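Overview (structure and organization)
Okay, here's what each chain looks like letter by letter:
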Amino acid sequence: QQQQQQQQQEQQQRPPPPSLAGFWAGSFGGGRGRGGEFASNGGFGGRGGRGQLSSRGGGRGGRGRGGDEWARRDGAPGWTKTLDAETQAQVVADNQSMAKHAQHKQLTEATAIYEKLVAAETANRFSYTIFLNACARCDAVEQASETLTHMVKAGYSPDVVAYTTLLKAHCARGDIAAADALLLQMAAAPNVRDVVKPNVRFVNTYLRGCLLAGHVDEGWALFKRLGSQWRLEPDLSTVEYIVQLLAQALRLGEAEALATKYAALVAAEPAIPLALARAAALAAEFRKCEAHARDTLSAIDRAEAAADGTGGDGSDDDSDDEPRVPTPVSLGTGRGYNGGNWGSAQKVVADGKGANSTAGGKRAWKTGDEARARSNDAYRSARRAGQRSDAQSLLDLAVALLKPKSKKQKNEEDAKPDAGATTKEANTQDGKKAAPEEGVMLTKPDLAGALHRLVLCKGLAAAGADAKKAARALAKASRAFGVKQGASEERLRVYFKSRLTNKGVLSLPRLFAEPKLPLKAEICSGTGEWACAQALHDEGVANWLAMEWRTDRTHVAFSRAALGGVKNLALVGGDAAMLLGERAGKGVLDALYVNHPEPPQQNGAELDPDAPQGKHLLTSAFFKSVHLALKDGGMLCIVSDSQWYAGLLLRTLAGLYDGAGFYNVPQPTKGDEAMREHARQGVIIVYEGRPGPASGHNASGDFRSYFDRLWDTSRKTERYVICLRKKGGGVPAEGITGKPSVEAAGRHTIL
């Protein structure tokens, strides 16, 4: 309270914002001028004076040594390097290049520029922040933390942008404990004037991390500090994240209260009522489900009507919640002072003198770039189509279950197969498998049964090989999906304990009612559209796993399966590499599919195309785990729309076990499902075309996945497919040439 009172007194005593002339006089000239926003925190030469941030350094920090010198925080002694105009321009150009490499996840190139600037002692505040962002985007968290330390040693106090960038790196790993430690670090400055207060973007980044990793209590606790401690107002992203977090934990009342409180803010955001509709359906509150589903459809209509074609409406990719380090533009562009910001609303100078104070929402930073606008238009269209489809399905479910049943319907229900009939028997008529019914099921969801097919891996790493600790961790993690602490959680613990070996290995087939059926899995399953369609197609024939790291996406897939009555699909939320390598056992999978995995970078590296600089899932170590998890002759199928990434995977697989670990599955070259050979290395082939039954994509037909919808509205149509089988005992040598034997093909016709 004393700190807040002192800060309020300082704010009242501050002079009004400086004029344009005052900024140049205090920051670039040698005169006394009143200074600009960052004059006291490292302006060019002169007496920075009483700038808006003069509290950092008590009005003394802006004293340079004259000319065009770069002054450091608190007038740090021992550093007086004169920069001529040519050097200044080069620093700006280097910052621009480094920011571009950060955007494309090219860490090696960004590192080379950063190290050059540091060695020449010309790195400025934004140089450090931009490189920190490059490390964060490439999951080089340790290197990002070191960069923040070097920034402080160089005399620059990290601002909220730098802290938010590092926070994003921690949250991308789901490490909320490290995020909490960073928050404490921001408030632990010895001088109250150096304390960095979170802004809305920082809060949103933290909340998004909680949403991705399933940390409900931590997110709710931070949200409550928003106004009470930091005097911040939530924006649309803030409300969206916290409502989704509470809704997936089935804390429906709290989520609805927030949505009502901020109704004017969220009126055109369909994600919020859609999350409420899912939660209401899972909680069997179908009148609420109906109301929220109708609200979702109305919100979609409003959003589409308001779309102006500029792009950017809450994208789900990494870039949307990225802490926005300033976009470099050249010095001396003539842009005027605008409410404490230099440049336009979306650009600031990269020389360390400007700061963008745009609101923290992810939508506020979208640029007017034409390519970006086209990409966001395509994304928005695909996302809205998916939201509309989900909302309509939830509405149909609620209306059907709320409608009184006629006598005829009751008689038809009585005539259905009894509960003791197997899934296969219940879906067979006259000896033929019935096609899955379009739409949604017309019975209440079996939430308890669905939870038995939910594996949330949070806490498994800490449990190690101890089966008791592992069972406790699996049960506790289910709280994120609404399991109450107490008897319900204890029942889940007992259930999972019975599915674990003494060494903590999980018997995946025993998650299903028919454990002897073949087991297929999709990794990077997203919201589960494709996996649900495949599982419905294989009902009574095969069981399925859908593995997804992000908890929020896992929850959507879980809801889709539970509300759609898909009982031969289990959901796995967490690190697929850890699960396959440590918990799944050997030879347990009949097939594994990876559809559109995230590339480690957007473009091939300029220095070495075989050395991806961002961390990614499909490494040699991962493929070795896949090889162990697959049965002999089991299928591995990868689909990507990135030509560069497909080439990298081709070379990685060709070098695995000297190319003898897998053999190629030939794809059709004629007919409607024809594919053409794009590239090959050894026995591994990359095909170009749309995957079909030959590659295990059995539920193609009229089914439209998210990527199908995205391609319908974008210019990207290429799909690259790698389809292999594991070479093992019983597969003859001729299979290595890409022609599986009759024996192998007969054993695996289901694939």
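Residues numbered from 1 in each chain as written. Predicted model: local features only at pLDDT ≥ 70, side-chain atom pairs only at ≥ 80, totals over all residues. Heavy atoms only, no water.

1. With respect to the packing of aromatic side chains
- The final tally for this structure, using the stated rule, is 11 aromatic pairs.
- For the pair F481 and F558, a centre-to-centre distance of 5.5 Å together with 45° between the ring planes defines the contact as tilted. Of the two residues, F481 sits in the loop between helix 21 (467-477) and helix 22 (487-497) while F558 sits in helix 24 (residues 551-563), which places them 77 residues apart along the sequence.
- Classification of F481 as buried rests on a relative accessible area of 2%.
- Judged by centre distance (5.3 Å) and plane angle (70°), the rings of Y495 and F496 are edge-to-face.
- The class for Y495 is buried, based on a relative accessible area of 11%.
- For F496, a relative accessible area of 0% corresponds to the buried category.
- Ring pairs connect the aromatic residues Y114, Y128, F131 and Y156, which therefore count as one cluster. (Phe/Tyr/Trp six-rings, centres within 6.5 Å; stacked < 30°, edge-to-face > 60°. Helix = DSSP H or I, 4+ residues; strand = E, 2+ residues; numbered from the N terminus. Buried < 20%, exposed > 50% of the residue type's maximum accessible area, 1.4 Å probe, protein only.)

2. Considering helix 24
- Between its terminal C-alpha atoms helix 24 stretches 18 Å, which fits the 18 Å expected from 13 residues at 1.5 Å a residue.
- Counted residue by residue, helix 24 has 11 buried out of 13 residues, so it is predominantly covered.
- Considered for burial, the residues of helix 24 that qualify are T551, D552, T554, H555, V556, A557, F558, S559, A561, A562 and L563.
- Trailing helix 24 by a residue or two, G565 shows a phi angle of about 65°, which is positive. (Expected span 1.5 Å × (residues − 1).)

3. With respect to the pattern of salt bridges
- Tallied over the full model, the rule gives 24 salt bridges.
- A salt bridge links R294 to E290, with the nearest nitrogen and oxygen atoms 3.0 Å apart. Taken together, the residues R294 and E290, both in helix 15 (residues 286-306) and four residues apart, mark about one turn of the helix.
- Between E548 and R553 there is a salt bridge whose closest N-O contact spans 4.0 Å.
- A relative accessible area of 25% means that R553 is categorised as partly exposed.
- Put simply, D139, E142 and R173 are held in one network by salt bridges that share partners. (Salt bridge = Lys/Arg side-chain N within 4 Å of Asp/Glu carboxyl O.)

4. Some points on the confidence of the model for the chain
- Scored by pLDDT, the chain comes out at a mean of 76, with 68% of its residues at no less than 70.
- Here residues 309-368 scores under 50 on pLDDT; set against residues more than four positions off or in separate chains, the count is 174 contacts.
- This model gives residues 417-442 a pLDDT under 50, and the stretch forms 28 contacts once residues within four places in sequence are excluded. (pLDDT = per-residue confidence, 0-100. Contact = heavy atoms within 4.5 Å.)

5. Focus on the pairing of strand 7 (residues 543-548)
- Among the six residues of strand 7, six are classified as buried, and the element is accordingly described as predominantly covered.
- Burial along strand 7 is two-sided: N543, L545 and M547 facing one way and W544, A546 and E548 facing the other are all buried.
- Crossover strand 6 (residues 519-523) to strand 7 through helix 23 (residues 529-537) is right-handed.
- As defined by bridge partners, strand 7 adjoins strand 8 (residues 569-573) across five bridges and the pair is classed as parallel. Residue M547 lies in a different strand from strand 8, and its bridge partner there is V572.
- For the crossover from strand 7 across helix 24 to strand 8, the handedness is right-handed. (Right-handed = clockwise from strand over helix to strand, strands pointing away. Pairing = 2+ DSSP bridges.)

6. Describing the packing of helix 8 (residues 176-187) against helix 9 (residues 200-213)
- Relative orientation of the contacting elements helix 8 and helix 9 amounts to 160°, with a least axis distance of 10 Å. One element, helix 8, and the other, helix 9, form an angle in the roughly antiparallel class. As helix 8 runs across helix 9, the sense of the crossing is left-handed. Of the residues in helix 9, those touching helix 8 at I176, A179, D180, L183 and M186 are F202, Y206, G209 and C210. (Axes fitted to C-alpha atoms, helices over the stretch in contact; angles between N-to-C directions. Parallel < 35°, antiparallel > 145°, perpendicular 65-115°, else oblique. Left-handed = near helix turned anticlockwise from the far one by under 90°.)

7. Overview of the packing of helix 12 (residues 252-261) against helix 14 (residues 271-282)
- Where helix 12 contacts helix 14, the axes come no closer than 11 Å and their chain directions differ by 160°. Taken together, the axes of helix 12 and helix 14 lie roughly antiparallel to each other. Like other packed secondary-structure pairs, helix 12 and helix 14 cross with a definite hand, here left-handed. Where helix 12 abuts helix 14, its residues L252, A255, E256 and A259 lie against I272, L276, A279 and A280.
- Looking at the contact of helix 12 with helix 14 residue by residue, the classes come out as seven nonpolar, no polar and one charged. (Nonpolar A, V, L, I, M, F, W, Y, C, P; charged D, E, K, R; others polar.)

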